[in-house]
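Listed here are the chains, written in short residue letters.
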Amino acid sequence: MNHKEWAFPRLRLVRLLLAAAGAVLALSASAQVRTVETPVATLRLSEATGDLIGLLWKSPGMEIIGEPRLGENFRILLPQDNYQANYFNSQDQKVSRIEVVPDGVLCSYDSLRNDRETIAVKVRYRIQAVDGQIHFSIEVDNPTDRKLAEVMYGIIGGQKGIGDRHDTQSMVPGANDNMSPSVFTRFRGGVRGGNFGIPYDAMSFTYPGAMSMGWIDIYNQKADVGYYYANQDKETRLMLLNMELRPFSKASDPRDDWPLPSELPAGEPVGMTMGWVNLPYLSKGAFTSGPVAIEVHKGDWHEASKIYRSWFDRNFTVQRAPDWLRKENAWQSIILSNSEDVVLHRFDELPKLAADAKKYGITTFEILGWDMGGIDRGYPQYQPNPRLGTPEEFRKALADMHAMGVHPLIFANVDVADTATPLFQNKLKQYAVDGRFAPDWNLFGWGEGTISGRAGLARSNMTLVSPAHPEFRKFLMDQYLQLVRDGADGFQLDKSNGSGVLDFNKQLPVSPDESLVPGILETFKELLSGARAIKPNFSLAGEVWFDRSLPYVDVSYMRMGSIDIGSPVLRYTFPEWTATLFGETPGDNNQMNNGMRYGFVWDLSPRHYTASVDEPTTQPLARYVSELIRIRKQYADLLFLGRFNDTMGASVTGDPDIRYSVFDPLQPGSRGRACVIVNFGSAPESAEVHLDGLEGEVTIATPFQAGRTATLPVKMTIPPNTVEVIVKR
């Protein structure tokens, strides 16, 4: 360790450790504390309850639990008919045994109690050091007829930040954002989970669903240290990350919503609690889960993402040779018919539209609204709409596109059905996702062809239908495979990230938390196997962006509506992954610039999915994208198939509208670095570029210009709304 690097935070950390030690002494006055040494951390547990009330990391030294009185192990929910919120909290239990085991401790509870009842449910709770981490796992033996509705465990209570709380940041990974970047100063309680009826503030995040990955990070960049906290359970099911702030947060202070000591009664405990929540709804059986892992590391969230990726690669397969879809720089997407019966194009027009796209280097063509009912109506009737032509004309169009070197990509869905169709009413509604207390359906939809439809007042509605039902999955699979025989090179399976829902359909062969998430993934797996038996190069894209889908999906269907992505955390953690970024209007140059900046697929859908890329107002944008394709193909090993490195590896100073990113090789033994610099302004702007640890000659690539050379550091003036690329080989 570089002792100079750690000199700044050491004093603050010592203060925190002293404060925590004082709190433990205060706690010890009324209750004994069991201390358990492990190779990576010292654990302190309440002798009475078994709760973890201290977690002192050894190297680097850090007390993670700053307020021991908020320490917990678990919360278990077993609803009663007349009392749904029937929790059994570890803080209210009498631990039966605390046994020191190799590198950890096992707490056993022979029964559970609250102020309403004592119940013969047993819990075994293990805390153990494994490979430089502390792991938490739980086993709940429920012999009763009542449903085990929630199991929250791996709880870390009483957190107060790292060093100075105001310098402590957080990463909660979404698809392209950080969903809670400042829990220690702007907790934002209630944003994802209401706070009515509880005396503290809380928020929760579904995984998979809202969260793209099952980890968060708490870090202090000034102190150069953080801690990673993750769901490392290999079983895929719907879970929640739950976070709470006690005693409250302040809605009126936008800079720091934590309460000040002067605002509290003397001795009132303050701290943040987090834990992972399983939702098994299991009766008469044993439920096990884990591990939840915590690990202290140097650096910020980028280091935490590497820890998670290392675990993920040991359990799931993402790395594979890029197939044709992953190598496609650009798509065109077009709607043939909308949900209000407007026919925009017919099947026999598709080859000409595809030829128009190919003129600009676009060789993947996504076809939407081709099926019964048009876009977002009639699902899941995935047969060619006779209003657009015959089945023979549909097949011929796909064959003609393929013959000219353009890949037909077919838009479909996995988990939705139009509730107005006879098919749904007579057959499919038995597979609909049902609510907890009634067979109520979640209705949603998008109108397009009328004003009231677009306003959501007179639209076609759909609801979720679970592919966990084998009969429904077979219904889908028969149609999917016919489309492959008809000539589809791949599918874009839309709305397949809508899996953050419990399904209480009584006919389900699985538990409510295993309906949509594993059902969708199993559909992907079965489709790829069946389709590749017909067409070996079949590929899959999807409107899905959680990590456990990445072994199946080559490109995620996403949009980006701002200049700066909220967070590139998913792209950084999984550099093999990419997503679409749309150009829907002729003025979307800066969207296209961000495609180069982040290594995303350019998806042109001119005039909101209605027109050819060669229509007059879109031609300038199409020509610009053609130039971006030319540049990226020239340096594809870095800019598209390389490692997106966020902004690390270069330093760029410049005018206010300048942004940049860095790409390194992904393949071992490869060399080079690329820096993408964008001017998002409406006038020329200047920048100076340094590539860390590199010097000498570089190549500069600019749209509509021949490549030129320069010497590092590079001073450059970038035209308005333009991207340039610096490459060092």
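Given the structure is predicted, the values throughout are model-derived calculations rather than measurements.

Draft legend 1. Inspection of the overall build of the protein at higher detail. When its secondary structure is counted, the protein shows 14 helices and 39 strands. A compact globule built from 729 residues would reach a C-alpha radius of gyration of about 27 Å, and the protein, at 28 Å, matches this within 12%. Taking the principal axes of its C-alpha atoms as reference, the protein extends roughly 80 × 70 × 45 Å. Counting every position in the protein, which comprises 729 residues, the buried fraction comes to 60%. Considering only contacts within the protein whose residues lie at least 6 apart along the sequence, 69% involve residues at least 24 apart. Surface accessibility of the protein: about 27,800 Å² in total, with carbon and sulfur atoms responsible for 52%. In the protein, 75 positive and 87 negative side-chain charges are present, and the distance between their average locations comes to 2 Å.

Draft legend 2. Structural view of unusual backbone geometry. Across the junction of Arg 246 and Pro 247, the peptide omega takes the value 0°, indicating a cis bond. Along the chain, Pro 247 turns up in the loop between β18 (239–246) and β19 (271–278). Backbone torsion omega between Tyr 379 and Pro 380 reads 0°, so that peptide bond is classified as cis. Structurally, Pro 380 can be placed in the loop between β22 (364–368) and α5 (391–403). For Asp 131, which is not glycine, the phi torsion reads 50° and is therefore positive. Here Asp 131 shows up in the loop between β11 (122–130) and β12 (133–142). One non-glycine residue with positive phi stands out, namely Lys 284, at about 50°.

Draft legend 3. Broad picture of the side chain of Glu 627. Within the secondary structure, Glu 627 sits in helix α13 (residues 619–634). Among the residues examined, Glu 627 registers a relative accessible area of 15% and is labelled buried. Every residue in contact with Glu 627, bar those within four places of it in the chain, is listed here: Pro 703, Phe 704 and Gln 705.

Draft legend 4. Layout of the sheet that holds strand β1 (residues 33–37). Strand order in the open sheet formed by 4 strands is β1-β2-β3-β4, and the pairing between neighbours is antiparallel. For this open sheet the edge positions go to β1 and β4 (62–63), each flanked by a neighbour on one side alone. By the bridge criterion, 5 bridges tie β1 to strand β2 (residues 41–46) in an arrangement that is antiparallel. Opposite Thr 35, over in β2, you have Arg 44 as the bridge partner.

Draft legend 5. Expanded view of helix α2 (residues 301–315). In a regular helix each residue adds 1.5 Å, so 15 residues correspond to 21 Å; α2 covers 21 Å between its end C-alpha atoms and thus fits that length. Within the span of α2, buried status applies to Trp 301, His 302, Ala 304, Ser 305, Ile 307, Tyr 308, Arg 309, Trp 311 and Phe 312.

Draft legend 6. Geometry of α13. When the terminal C-alpha atoms of α13 are compared, their 23 Å separation across 16 residues agrees well with the 22 Å that a helix rising 1.5 Å per residue should span. Of the residues making up α13, those classed as buried are Leu 621, Ala 622, Tyr 624, Val 625, Glu 627, Leu 628, Ile 629, Ile 631 and Arg 632.

Draft legend 7. Up close: the confidence of the model for the protein. Taken over all residues, the pLDDT of the protein has a mean of 94, while the share at 70 or more is 95%. In the predicted structure, residues 1–30 sits below a pLDDT of 50 and forms 35 contacts with residues beyond four places in sequence or in another chain.

Draft legend 8. Structural context of the sheet that holds strand β26 (residues 490–494). Spatially, 8 strands are ordered β21-β22-β23-β26-β27-β28-β29-β30 in a closed barrel, and the strand pairing comes out parallel. Summarising the sheet, strand β29 (residues 578–583) and strand β30 (residues 601–604) pair through 4 bridges and their orientation is parallel. If you follow Leu 581 over to β30, its bridge partner there is Trp 602. Most of the contacts of helix α9 (residues 516–534) go to strand β27 (residues 539–542), to which it runs at about 150°, and overall it touches β26 and β27.

Draft legend 9. Quick look at the packing of aromatic side chains. The final tally for this structure, using the stated rule, is 32 aromatic pairs. Between Trp 311 and Phe 316, the ring centres sit 6.0 Å apart and the planes meet at 70°, which makes this aromatic pair edge-to-face. Through pairs of rings, three or more aromatic residues link up here, namely Trp 215, Tyr 228, Tyr 308, Trp 311, Phe 312, Phe 316 and Phe 574. Stacked on the ring of Phe 640, the Lys or Arg Arg 326 has its end atom at 4.7 Å from the ring centre. Over the face of the ring belonging to Trp 602 we find Arg 632, whose NZ or CZ atom lies 3.7 Å from the ring centre.

Draft legend 10. Structural context of the pairing of strand β8 (residues 104–109). Counting buried positions along β8 yields 6 of 6 residues, so the element is predominantly enclosed. Pairing between strand β7 (residues 97–101) and β8: 5 bridges, direction antiparallel. Directly across from Val 101, in β8, lies its bridge partner Gly 104. Hairpin connection of β7 to β8: 2 residues between the antiparallel strands, including Asp 103 at a positive phi of 65°. Pairing geometry for β8 and β11, over 6 bridges, is antiparallel. Residue Gly 104 lies in a different strand from β11, and its bridge partner there is Gln 128.

Draft legend 11. Region of interest: the environment of Ser 562. On the secondary structure map, Ser 562 appears in the loop between β28 (555–556) and α10 (569–573). In this structure the C-alpha to C-alpha distance between Ser 562 and Asn 594, which are 32 residues apart in sequence, comes to 9.5 Å. The residues touching Ser 562, leaving out its near neighbours within four places in the chain, are Gln 591 and Asn 594. A polar contact of 2.9 Å, which involves the side chain of Ser 562, links it to the backbone oxygen of Asp 564.

Conventions used here
Residues numbered from 1 in each chain as written. Predicted model: local features only at pLDDT ≥ 70, side-chain atom pairs only at ≥ 80, totals over all residues. Heavy atoms only, no water. Helix = DSSP H or I, 4+ residues; strand = E, 2+ residues; numbered from the N terminus. Rg over C-alpha atoms; globule rule 2.2 N^0.38 Å. Buried < 20%, exposed > 50% of the residue type's maximum accessible area, 1.4 Å probe, protein only. Contact = heavy atoms within 4.5 Å. Areas by Shrake-Rupley, 256 points an atom, 1.4 Å probe, with all protein chains shown as cover. Lys, Arg positive; Asp, Glu negative; His and termini not counted. Charge placed at Lys NZ, Arg CZ, Asp CG, Glu CD. Pairing = 2+ DSSP bridges. Expected span 1.5 Å × (residues − 1). pLDDT = per-residue confidence, 0-100. Axes fitted to C-alpha atoms, helices over the stretch in contact; angles between N-to-C directions. Phe/Tyr/Trp six-rings, centres within 6.5 Å; stacked < 30°, edge-to-face > 60°. Lys NZ or Arg CZ within 6 Å of the ring centre and 35° of its normal. Polar contact = N/O pair within 3.5 Å; in protein donor to acceptor, adjacent residues only side chain to side chain.

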